[in-house]
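Reading the structure
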Amino acid sequence: MELLRPAPEHLPSYVAALQRGWSPDTTRGAEAALEALAKIEADPASPFALVDDPEGLGPPWQAPDGTWRDRIPGRVRWMWDADGFAGSINLRWLKGTNALPPHVLGHVGYAVVPWRRQRGYATRALGLLLPLAQAEGLTFVDITTDPGNTPSQKVILANGGVFIERFDKGPTWGHKPGLRFRVPLGSA
Ligand SMILES: CC(C)(COP(=O)(O)OP(=O)(O)OC[C@H]1O[C@@H](n2cnc3c(N)ncnc32)[C@H](O)[C@@H]1OP(=O)(O)O)[C@@H](O)C(=O)NCCC(=O)NCCS
């Protein structure tokens, strides 16, 4: 499995994953997959708009509570193996600080298509993404999970992450509980 910068030649395999109901939006799932497909039909370039957005110039995004939030700097990479698209991982940050806005739960989000899970892909993808975070000047990345998401917690721990705290995700996320982990990055 490799991480690649999504480009138009990768689109058919990504679309096939969306058609199977997978979505990089782990909160909204199949509904978000249908929305993404409609967007791609209207504008086939839409999945590539946020691939490298170091200035946070992308369009606002709608949070789970319905509020619209400004985009912050971000990058998206796709997991790719011999059979094509296998998952997606993204990095988001604020320039010059490790801090994040309170409604942004972590620096990194990832999702593997269900038919390629438990092959070490997410663990490897996070390891491959960390240098990109370091290149942005971050000295650590925070990653949050649901309390019951043991696979994701294992992904973080396998990459040198440590448990920080249990916390309340706040009003944007319906005050659901979360676990915060921190992965230290070597000094740049
Ligand atoms: C969490 C997720 C990304 C893990 O992806 P993955 O590629 O299957 O993860 P890995 O293969 O690297 O596995 C990591 C560890 O979790 C374990 N694991 C993964 N899926 C598991 C499952 N369903 N049941 C039990 N253990 C599981 C693996 O065996 C591995 O454990 P090990 O380190 O002891 O060998 C994937 O399940 C997913 O996309 N889930 C939905 C989206 C999500 O939760 N994203 C993270 C939000 S914080």
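Above this text is the structure in question.
Everything in this summary refers to the structure shown in the same document. (Residues numbered from 1 in each chain as written. Predicted model: local features only at pLDDT ≥ 70, side-chain atom pairs only at ≥ 80, totals over all residues.)

The set of residues buried in helix H1 (residues 11-19) consists of Tyr14, Ala17 and Leu18. When H1 is viewed along its axis, its buried side chains cluster within an angular range of 100 degrees and face the same direction. Structural note: H1 exposes Pro12 and Gln19 on the side pointing more than 90 degrees away from its buried face. Close packing links the buried residues of H1 with helix H2 (30-42) and strand S6 (84-92). (Buried ≥ 20, exposed ≤ 12 C-beta atoms within 10 Å, placed from the backbone. Helix = DSSP H or I, 4+ residues; strand = E, 2+ residues; numbered from the N terminus. Arc of directions from axis to C-beta. Contact = placed C-beta atoms within 7 Å.)

One face of the sheet, then the other: side chains in a regular strand alternate in exactly this way. Counting buried positions over the five residues of strand S7 (residues 108-112) gives five, a clear majority of the element. Along S7, one buried face is formed by Val108, Tyr110 and Val112 and the opposite face, lined by Gly109 and Ala111, is buried too. The pairing of S6 with S7 spans five bridges and is classified as antiparallel. Looking across to S7, one finds that Ser88 is bridged to Ala111. (Pairing = 2+ DSSP bridges.)

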